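One-letter residues, chain by chain:
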Amino acid sequence: MQIITFMNCQKMILVTGACGQIGTELVKALRDKHGNQNVIATDIRDVTDTSDGPYFRLDVLDRGELQKLVSELNITHIYHLAAVLSANGEKNPIGAWDLNMQSLLNVLEVARIENLQQVFWPSSIAVFGPESPKELCGQYALTEPTTVYGISKAAGEHWCRYYHQQYGLDVRSLRYPGLISHSAQAGGGTTDYAVDIFHQAVNKGSYACYLKDDTRLPMLYMPDAVRATLELMDAPAEQLTIRSSYNLAGISFTPEQLAIGINAHLPDFTISYQPDKRQAIADSWPASIDDKQAAKDWGWAPAYDLQDMIADMLLHLDTHAHENFA
Ligand code: AKB
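Rules behind the numbers
- Residues numbered from 1 in each chain as written.
- Predicted model: local features only at pLDDT ≥ 70, side-chain atom pairs only at ≥ 80, totals over all residues.
- Heavy atoms only, no water.
- Domains from an automatic or database assignment.
- Contact = heavy atoms within 4.5 Å.
- Buried area = accessible area lost by both parts, 1.4 Å probe.
- Salt bridge = Lys/Arg side-chain N within 4 Å of Asp/Glu carboxyl O.
- Polar contact = N/O pair within 3.5 Å; in protein donor to acceptor, adjacent residues only side chain to side chain.
- Helix = DSSP H or I, 4+ residues; strand = E, 2+ residues; numbered from the N terminus.
- Nonpolar A, V, L, I, M, F, W, Y, C, P; charged D, E, K, R; others polar.
- Pairing = 2+ DSSP bridges.
- Axes fitted to C-alpha atoms, helices over the stretch in contact; angles between N-to-C directions.
- Buried < 20%, exposed > 50% of the residue type's maximum accessible area, 1.4 Å probe, protein only.
- pLDDT = per-residue confidence, 0-100.
- Parallel < 35°, antiparallel > 145°, perpendicular 65-115°, else oblique.
- Left-handed = near helix turned anticlockwise from the far one by under 90°.
- Core = buried A, V, L, I, M, F, W, Y, C linked by side-chain atoms within 4.5 Å.

(A) Structural detail: the domain arrangement of the protein. Segmenting the protein into domains produces domain 1 (13–180 + 222–247) and domain 2 (193–217 + 250–290 + 304–325). Using C-alpha coordinates to define each centre, domain 1 is positioned 26 Å away from domain 2. Between domain 1 and domain 2, the residue contacts involve 23 residues of the former and 19 residues of the latter. Carbon and sulfur atoms make up 64% of the surface buried where domain 1 meets domain 2, a total of about 1700 Å² over both sides. Three residues, Ile125, Lys134 and Ile180, lead the burial of domain 1 against domain 2; their summed loss comes to 35% of the area buried on that side. Summed over the shared surface of domain 1 and domain 2, the result is one salt bridge. Between Glu135 and Arg216 there is a salt bridge; the shortest N-O distance is 2.8 Å. Joining domain 1 to domain 2, the criterion identifies twelve residue pairs in polar contact (both at pLDDT 80 or more). Every element with two or more residues in the side of domain 1 that touches domain 2 is listed here: α3 (86–91), β7 (178–180) and α7 (222–234). Of the residues in the side of domain 1 that touches domain 2, the class split is eleven nonpolar, eight polar and four charged.

(B) Representation of the sheet that holds strand β9 (residues 217–221) in the model. Read from one edge to the other, the open sheet built from three strands follows the order β7-β9-β11, with strand pairing classed as mixed. Edge positions in the open sheet fall to β7 and β11 (251–253), since each of these has one partner strand only. Between one strand axis and the next, the sheet turns by 40 degrees as a mean value, whatever way the strands run. Set on the sheet, α7 makes contact with β7 and β9; between it and β9 the angle comes to about 80 degrees.

(C) Spotlight on the pattern of salt bridges. Per the stated rule, a full pass over the model turns up eleven salt bridges. With a shortest N-O distance of 2.9 Å, Arg172 and Asp170 are connected by a salt bridge. Given a relative accessible area of 4%, Arg172 falls into the buried group. Judged by its relative accessible area of 15%, Asp170 is buried. A salt bridge links Arg243 to Asp170; the shortest N-O distance between them is 2.7 Å. You can see Arg243 sitting in the loop between α7 and β10 (246–247) and its partner Asp170 sitting in the loop between α5 (148–167) and β6 (171–176), a full 73 residues away along the chain. Accessibility expressed as a relative area gives 10% for Arg243, which makes it buried. Where salt bridges share partners, they join Asp170, Arg172 and Arg243 into one cluster.

(D) Quick look at the sheet that holds strand β4 (residues 77–80). Here we have seven strands laid out as an open sheet, ordered β3-β2-β1-β4-β5-β6-β10, and parallel in their pairing. Both edges of this open sheet fall to β3 (55–57) and β10, since each of them pairs with a single strand only. Those strands touched by helix α1 (residues 21–34) are β1 (13–16), β2 (39–43), β4 and β6, and its axis lies near 165 degrees from that of β2. Of the strands in this sheet, β4, β5 (118–124) and β6 touch helix α4 (residues 93–113), which is tilted by about 175 degrees from β4.

(E) Region of the structure containing the confidence of the model for the protein. When the pLDDT values of the protein are averaged, the result is 95; 95% of them are 70 or greater. Confidence drops under a pLDDT of 50 for residues 1–9, and excluding neighbours within four residues, the segment shows 18 contacts in the predicted structure.

(F) Representation of the packing of helix α6 (residues 193–203) against helix α8 (residues 255–263) in the model. Between α6 and α8, the shortest axis-to-axis distance is 11 Å and the interhelical angle comes to 30 degrees. Put simply, α6 runs roughly parallel to α8. For the pair α6 and α8, the crossing hand works out as right-handed. Of the residues in α8, those in contact with Tyr193, Ala194, Ile197, Phe198 and Ala201 of α6 are Pro255, Leu258 and Ile262. Class assignment for the residues of the contact of α6 with α8 results in eight nonpolar, no polar and no charged.

(G) Quick look at the nonpolar core. With 40 residues, the main nonpolar core has Ile180, Tyr193, Phe198, Phe253, Leu258 and Met309 as its most contacted residues. Counting only elements with at least two residues in this core, the list comes to α5, α6, β8 (206–209), β9, β11, α8, α9 (278–284) and α11 (306–325). When residues of this core are assigned to domains, at least three fall in each of domain 1 (13–180 + 222–247) and domain 2 (193–217 + 250–290 + 304–325). Not counting residues up to four positions away in its chain, the partners in contact with Tyr193 are Tyr207, Cys209, Tyr210, Leu211, Met219, Phe253, Thr254, Pro255 and Leu258. Judged by nonpolar contacts, the second largest core, of 33 residues, contains Ile22, Leu81, Tyr176 and Trp298.

Written out as structure tokens, the structure is:
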């Protein structure tokens, strides 16, 4: 592995899973904030274009490699995003557990040993299960997940709190809802339809949805998700009362409501419904989330409602389409 040395900076940030849906956008935002050279993107893929900033191929299951990179690059902060999501996790439960849990333990251990300043790790609304309240599911509601992804996120939350309590590690976490973005595809989750639908609407004019028309789920537009992450990480430690993971809410809607909203911009767009195995996962999750603890502790408030999000997604996808044909 080629190591370059970065000098004289307060924060040196390493992001795992940097090529994924959140990573793609979070790395950009972190680089805008902290400078391109101070944010090290890593992922399991080989990436050749490093014009935007440093990139290393890293298998985060290899703790030795992770520790070497952290130590040699003087890393102070890790954003650990690499994970298998809910739908893909059910195809290979043991593999998903191994990746999601062992990678988190590797990051927490390296952060403890190397005395890192902060760690960010995303949890998910998938920690909730059929026994949790459907509406305005609270911060301390019962977490009895039915997916291996949800089980790994629930266990991960306990580990984060443990490392904070036992070792004083400043690890912070958000329970992301389904995330919607125009610049990166979702990857193997149950909420992916809310991203796919836009691409199909723009490119094909129709979409076959794998969830039923009335399946209401909590979602969040990526600019809000990125801002929430940066705001949580900037919040004074003494204001944080949750060291497992904060509930985070944005917009709750059904596939039918989303399709109607898209129709207002693309009148010829049509949707059909062909529920598959992902329906059971969606049915096990809350329809809406109560995030008042995040609002109270660090001032969280989402900016995008359903109409704003749809308009912004279509504007960007239209621009991408024109760029591609230019
Ligand atoms: C998924 O659908 O698995 C994710 C999530 C809600 O965490 N988007």
